[in-house]
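Examining the three-dimensional arrangement
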Amino acid sequence: MNAAPADQIRLLDVQALDVRLSQLAHKRRTLPEHAELDALNADHTQLRDLLVAAQTEESDTAREQIKAEQDVDQVRQRAARDQQRLDSGAVTSPKDLENLQHEIASLAKRQGDLEDVVLEVMERRESAQERITELTGRVESLQSKIADATSRRDAADGELDAETASVTKEREVIAGTIPADLLALYDKLRGQQGGVGAARLYQRRCDGCRQELAITELNEVRAAAADTVVRCENCRRILVRTPESGL
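Since the structure is predicted, the reported quantities are computational estimates derived from the model, not experimental observations.

Cut-offs used in this document
Residues numbered from 1 in each chain as written. Predicted model: local features only at pLDDT ≥ 70, side-chain atom pairs only at ≥ 80, totals over all residues. Heavy atoms only, no water. Pairing = 2+ DSSP bridges. Helix = DSSP H or I, 4+ residues; strand = E, 2+ residues; numbered from the N terminus. Expected span 1.5 Å × (residues − 1). Axes fitted to C-alpha atoms, helices over the stretch in contact; angles between N-to-C directions. Left-handed = near helix turned anticlockwise from the far one by under 90°. Contact = heavy atoms within 4.5 Å. Nonpolar A, V, L, I, M, F, W, Y, C, P; charged D, E, K, R; others polar. Salt bridge = Lys/Arg side-chain N within 4 Å of Asp/Glu carboxyl O. Buried < 20%, exposed > 50% of the residue type's maximum accessible area, 1.4 Å probe, protein only.

**Looking at the sheet that holds strand β2 (residues 205-206)**
If you trace the 4 strands from one edge of the open sheet to the other, you get β2-β1-β4-β3, paired in mixed fashion. The strands lining the two open edges of the sheet, one partner per strand, are β2 and β3 (230-231). In this structure, strand β1 (residues 198-202) lies alongside β2, joined through 2 bridges in antiparallel fashion. In the sheet register, Y202 faces β2, and the bridge partner there is R205.

**Overview of helix α2 (residues 32-88)**
The α-helix winds at 3.6 residues per turn, so residues separated by three or four positions along the chain end up facing the same way. For α2, with 57 residues, the first-to-last C-alpha span of 83 Å sits near the 84 Å given by 1.5 Å per residue. Phi turns positive, to about 80°, at G89, one or two residues after α2.

**Things to note about the packing of helix α1 (residues 5-29) against helix α4 (residues 180-192)**
α4 packs onto α1 with a crossing angle of 40° between their chain directions and a minimal axis gap of 11 Å. Two packed elements cross with a definite hand, and for α1 against α4 that hand is right-handed. Side by side, α1 and α4 meet where D7, Q8, L11, V14, Q15 and D18 of the first sit next to L182, L183, Y186 and R190 of the second. A class-by-class count of the residues in the contact of α1 with α4 yields 5 nonpolar, 2 polar and 3 charged.

**Focus on the pattern of salt bridges**
One pass over the structure, following the stated rule, counts 28 salt bridges. Ionic pairing is found between E33 and R152, a salt bridge with its closest N-O pair at 3.5 Å. Linking E33 in helix α2 with R152 in helix α3 (residues 94-175), this pair joins segments that are 119 residues apart in sequence. A relative accessible area of 31% places R152 in the partly exposed class. A salt bridge links R124 to E120; the nearest nitrogen and oxygen atoms lie 2.6 Å apart. Taken together, the residues span about one helical turn, with R124 and E120 both in helix α3 at a distance of 4 residues. Several salt bridges converge on common partners, so that one network encompasses D18, R171, D187 and R190.

**A look at the environment of L11**
The topology assignment puts L11 in helix α1. It is 45 Å that separates the C-alpha atoms of L11 and K145, two residues lying 134 residues apart in sequence. Once residues lying within four places of it in the same chain are set aside, the contact partners of L11 are I178, L182, L183, Y186, A198 and I238.

**Quick notes on the side chain of D82**
Along the chain, the position of D82 falls in helix α2. Excluding its chain neighbours within four sequence positions, the residues that come into contact with D82 are L100, E103, I104 and L107.

**Considerations on the pairing of strand β4 (residues 238-241)**
Residues I238 and V240 of β4 are buried on one face, and the alternating residues L239 and R241, pointing to the opposite face, are buried as well. The sheet contact formed by β1 and β4 spans 4 bridges and is parallel. Residue pairing in the sheet places L201 in a bridge with R241 of β4. As paired strands, β3 and β4 are joined by 2 bridges and run antiparallel to one another. Counterpart to V230 in the pairing with β4 is L239. The antiparallel pairing of β3 with β4 creates a hairpin that spans 6 residues between the two strands, and R236 there sits at a positive phi of about 70°.

As structure tokens, then:
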């Protein structure tokens, strides 16, 4: 393949721009905000799960407290009725009086036990409420951090978008001046060679693979016409000759 030396030189400009585009893409993928957001979102998910669990516990204990208080109230009302019967004098049988007094005593003990249950449930509910308050604050704090990291990531993305657009436009302009067949070969090699399709021959060394050319290769390059597109024997990239090639 043949191409004017100036076109081959411009190929190096395109290569430099492609390298820059690859760097920008890598920078976008490795923005520190990505890792920061991953960690924050993981913490947020964990805290949300804990908050839901605490809210569920509070809801369950609230129902449990209502039931326990209802049990206490039922026992209290029954004891009050029995006490009224006892105080009214309507019960005159000694055996019935003894049974009634025994029932009142049993109800008093039962009421005390149920009130202890109510207190225990209230303590658990209060603990769940405190946990909800704590976790809600932590979730809100994390949400604020997530919003801040998202804003910083979006700002960085915006800057990268602008630079990528500028570099892409510049590449289009320069690539448009290079013969189609030369550009096609370059693009093919770039895809095969890790993003580098053309390399400068600098001081008898290929800038693509960093290998110094053997004397026979140098002689072949020296003998090649200026418009001949030469290739590195080691990496097969397009080898662009410049005044600094050392030929």
